[in-house]
Amino acid sequence: MISMARKTVLREPDGFLKVYKHKPGAEKNRTHYCPGCGHGILHKLIAEALEDLDIVDDTIMMSPVGCSVFVYYYFDTGHFQVAHGRAPAVATAVSRANPDSVVISYQGDGDLAAIGGNNILQAANRGENIVVFFVNNAIYGMTGGQMAPTTLPGQKTTTTPYGRDPKTDGYPIKVSELISQLTAPVYVTRTSLHDAANTRKTRAAVRKALQNTRDKKGFSFVEVLCMCPTQWKTKPIDGPQWIIDNMLDVFPLGVYKDITEDAPLTVRPTPVHDSDSVKKALDYKESKAELTRLDVPELFRKTSLRVSGFGGQGIMSTGIALAHLGMEYGYNVSWLPSYGPEMRGGTANCSVKIQDGSIGASEATEPNIIIAMNQPSLEKFEKIMQTGGALLYNSTLIDIEPSRDDVKVYPVPITGMADELGDTRVQSMVSVGAFAAITGLFDPAEINRLMPGLFAGKPEKVIKMNEKAIMAGYNYVKEHFSS
Ligand SMILES: Cc1ncc(C[n+]2csc(CCOP(=O)(O)OP(=O)(O)O)c2C)c(N)n1
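Glancing now at a nonpolar patch on the surface. Together, L121, I173 and L178 line one region of the surface with nonpolar side chains, adding up to about 220 Å² of accessible area. Inspection of the secondary structure puts I173 in the loop between α6 (166–169) and α7 (175–180).

In C-alpha cells, the structure reads:
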C-alpha cells in the first residue's frame, strides 16, 4: 500500500507584516500579547482571510485605544490609530472617502461599549459599509483590569473588588443583541475562541463579514468572546474554561441577524475630491497675500520647522507668529502644537510648515530647520533633521555643541539678547528675527508692520519691545553668519 504523507506547512499569512518594525525593538518580539490572550488567534484568522480573499492591499484597519491598538504592529494593511471609542466614526470617514476599500474597526469592550458606546450604535444605525470585530474579554485589559460594560455579575475586577453587583453597577451590556435590533446592519454574530470548533466558527464569521464589506453589503459585526487570563487572574491554560464557566450563559453564541442575501448594495454619494467644487459649494473667497514674496532659497520654499524649548519660553507663540507671517506672504501654512507629558519640565514643541505647495501632514517629522531654545530640545530634535538643514539654537542656555555636522549651525544667544532688551519674554521674537534672516522668508521691516496684528490689543510699549527683539535676532544672524 502506498501511503502519502500529509505535509503541513505552517507559515504566516500574507495579511501579516513580515517584520514587526513599527516600534523600535518590537521586531525581536513575536507578539506583544500576554500568554493565553485571544487577540493573537483572532489576528491570525483575520490575516488568513485577508490573504485568501485577496484584499490585503484594499484593507484599512482602525486601531483604537486598548490592547487592540497593537493591530498596527502586525497587519500589512493601511492603518489609522484612533481616539478611544472613535473607531467607528473614523472608519465611516475612511470608508466613505474610499468606497472600494475594506475598512475594519477592531475594538475591545471598554473601547466599543463604554467610551465608544454611542459611536458604534450610530455607525451601525447608518449601515456604514464597515466590518467591526468586537473583542469581548469582559474587562479592561490594557489598563490593569477595571470593570467593562461586559463584565459579568459577580466578576471581581480592580474597580469591583467584591464582584460586579448589578444593583450598583448595572448588568453586562449585550452588544450583539442591541445592534441586531437596528434596521441597517446586515450581519451580526457572536462567536468564541474557547475551543477548536468555536474557533472554526469564528473563522467562518470573520470571512463572511469581510466578504460583506468587500461586496459593499453594509454593516457587519462579529463579537468574539476572547481570553484575557492576565486580568482574569487565571493561568493561561485555564482561559478557555473561564469562558465556558462564566461567559457563555450571559453571552449566548450564535447569529443574531443575517440579511446579507437580501441586502442592497451600500451606495453612498460620491465624495467630492476636487477642491474647486468644494470651494464653489462653500462660496470660498481666495484670500489675497498681503505681501510680495521674497527671493527665498529652494530649501525654505518648503519650510518644515520644529520650535522647541521649555514650557514658558514662548514656543507656541513663536510657531503661531511664523505661521501667521507665512500666510501674509501667501504661503500655505500649518501649525501643530505638541502638548505631551513633555510640558512638565522637559520640552514643549510645535511644528510649523510654510510651503509653496499643498501641505500633507502638519507634523514636521524631518524638519529642515529647528529652533532649539534649551538643551533637551537640541538633543531631541537635531536627530531628526534633514541633511543640509539649519539648526538655530539658544547659545545662552545651551553650552554643548550640536552633534550633527551635516547641517548648518547657528548659535545665537537668544535669551541673553532678550535680557539685554529688558524682558526675557521677548526671546521668542528674537528667534523669529533670527529665523527670518536664516530662511529669507520674511523682511524684518514687514514683520514690524505686522506686529500690531500679531499682538492685537497689546500696549504700544510691548509692541515696540517685540519689534526691537525681532530686529536684534535678524541683525545678529546677518552679522555673524554668512548666508
Ligand atoms: C480618552 C481616554 N480615556 C481613557 C484611557 C485609558 N484607557 C486605555 S485602554 C482603556 C481600556 C481598554 O479596554 P478594552 O477596550 O476592553 O480593551 P482591552 O485592552 O481589554 O483589549 C482605557 C480606559 C485612554 N487611553 N484615553
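Structure shown, so let's carry the discussion forward.
So, about the sheet that holds strand β12 (residues 390–394). Strand order in the open sheet made by the six strands is β9-β10-β8-β11-β12-β13, with mixed pairing throughout. Both outer strands of the open sheet, β9 (332–338) and β13 (408–412), are each paired with one neighbouring strand and no more. With direction set aside, neighbouring strand axes in the sheet form an average angle of 15 degrees. Pairing between strand β11 (residues 369–372) and β12: four bridges, direction parallel. Counterpart to A372 in the pairing with β12 is Y393. Packed on one face of the sheet, helix α14 (residues 414–421) meets β12 and β13 and runs near 50 degrees to β12.

Along its sequence, the chain is carved into domain 1 (26–258) and domain 2 (298–480). Here domain 1 and domain 2 have C-alpha centroids that lie 45 Å from each other.

When its volume is computed, the largest pocket comes out at roughly 440 Å³. Lining the largest pocket are 20 residues, and of these R425, V426, F455, V462 and N466 lie nearest its centre. Elements with a minimum of two residues in the lining of the largest pocket: α12 (315–328), α15 (427–439) and α17 (460–480). Top contributing element to the lining of the largest pocket by residue count: α17, with four residues. Grouping the amino acids of the lining of the largest pocket by side-chain chemistry returns eight nonpolar, eight polar and four charged.

Moving on to the site of the ligand. Taken together, 16 residues sit near the ligand, with D109, G110, D111, G141 and M142 positioned nearest. One of the side-chain nitrogen or oxygen atoms of D109 is found 2.4 Å away from an oxygen atom of the ligand. The separation between an oxygen atom of the ligand and a polar main-chain atom of G110 is 2.8 Å. Here the ligand, which alone exposes 600 Å², has 72% of that area covered by the protein.

Quick look at the pairing of strand β3 (residues 102–108) now. Across the seven residues that make up β3, a large majority, seven, are buried. With burial as the criterion, each face of β3 is covered, one bearing V102, I104, Y106 and G108 and the other bearing V103, S105 and Q107. Direction of pairing for strand β1 (residues 59–63) relative to β3: parallel, over a ladder of four bridges. For M62, the partnering residue across the bridge sits in β3 and is S105. Relative to strand β4 (residues 131–136), β3 is paired through five bridges, and the arrangement is parallel. Each bridged residue has a counterpart across the sheet, and for S105 the counterpart in β4 is V132.

Taken together, seven strands build an open sheet; the order of strands is β2-β1-β3-β4-β6-β5-β7 and the sheet is mixed. Whereas interior strands pair on both sides, the edge strands pair on one side only; in this sheet they are β2 (78–81) and β7 (254–258). Going from strand to strand, the sheet's axes swing by 15 degrees on average, the running direction of each strand aside. As defined by bridge partners, strand β5 (residues 187–192) adjoins strand β6 (residues 220–225) across six bridges and the pair is classed as parallel. The partner of S192 across the bridge, within β6, is L225. Sitting on the sheet, helix α8 (residues 196–214) touches β3, β4, β5, β6 and β7, and the angle it makes with β5 is about 155 degrees.

It is worth spelling out the environment of S180 at this point. With respect to the helices and strands, the residue S180 is situated in helix α7. Using a relative accessible area of 13% as the deciding quantity, one classes S180 as buried. Distance from S180 to A124, taken between C-alpha atoms, is 9.2 Å for residues 56 residues apart in sequence. Setting aside anything within four residues of it in sequence, one finds S180 in contact with V188, Y256 and K257. Of the polar contacts made by the side chain of S180, one reaches the backbone oxygen of E177; its length is 2.8 Å.

With that settled, the discussion passes to the nonpolar core. In this structure, I46, F75, I104, Y106, F133, L210 and M247 are the most contacted members of the largest nonpolar core, which totals 50 residues. For this core, the elements supplying multiple residues, two or more each, are α1 (39–52), α2 (71–74), β3, β4, α8, β6 and α10 (239–247). The element best represented in this core is α1, accounting for six residues. Counting residues in hydrophobic clusters, the runner-up holds 49 residues, among them C350, I354, V426 and V432.

Okay, the environment of T199 next. Relative to the assigned elements, T199 resides in helix α8. In this structure, T199 is in contact with I41, L45, S192 and L193, ignoring residues within four places of it in sequence.

The subject of this paragraph is α14. The set of residues buried in α14 consists of I414, T415, M417 and A418. With its buried residues spanning 160 degrees around the axis, α14 presents them on a single face. The secondary structure elements touched by the buried residues of α14 are β12, β13, α15 and α17. At the exit of α14 stands G422, carrying a positive phi of roughly 110 degrees.

What follows deals with the packing of α14 against α15. Each pair of packed helices gets described by two things: the angle between the helix axes and the distance between those axes. Contact geometry of α14 with α15 gives a least axis separation of 8 Å together with a crossing angle of 120 degrees. Of the possible angle classes, the one that applies to α14 and α15 is oblique. The two elements α14 and α15 cross, and the hand of that crossing is right-handed. Of the residues in α15, those touching α14 at I414, T415, M417 and A418 are Q427, V430 and S431. Residues belonging to the contact of α14 with α15 are distributed by class as follows: four nonpolar, three polar and no charged.

So, how was this worked out
- Residues numbered from 1 in each chain as written.
- Predicted model: local features only at pLDDT ≥ 70, side-chain atom pairs only at ≥ 80, totals over all residues.
- Heavy atoms only, no water.
- Patch = residues over 30% accessible without salt bridge, like charges linked within 9 Å, V, L, I, M, F, W, Y side chains within 5 Å.
- Areas by Shrake-Rupley, 256 points an atom, 1.4 Å probe, with all protein chains shown as cover.
- Salt bridge = Lys/Arg side-chain N within 4 Å of Asp/Glu carboxyl O.
- Helix = DSSP H or I, 4+ residues; strand = E, 2+ residues; numbered from the N terminus.
- Pairing = 2+ DSSP bridges.
- Axes fitted to C-alpha atoms, helices over the stretch in contact; angles between N-to-C directions.
- Contact = heavy atoms within 4.5 Å.
- Domains from an automatic or database assignment.
- 1 Å grid on protein atoms, 1.4 Å probe; cavity = no way out; pocket = protein on both sides within 12 Å on 5 of 7 lines; lining within 4 Å.
- Points joined across faces, edges and corners; volume = space filled by probe spheres on them.
- Nonpolar A, V, L, I, M, F, W, Y, C, P; charged D, E, K, R; others polar.
- Near = heavy atom within 4 Å.
- Polar contact = N/O pair within 3.5 Å; in protein donor to acceptor, adjacent residues only side chain to side chain.
- Buried < 20%, exposed > 50% of the residue type's maximum accessible area, 1.4 Å probe, protein only.
- Core = buried A, V, L, I, M, F, W, Y, C linked by side-chain atoms within 4.5 Å.
- Arc of directions from axis to C-beta.
- Parallel < 35°, antiparallel > 145°, perpendicular 65-115°, else oblique.
- Left-handed = near helix turned anticlockwise from the far one by under 90°.

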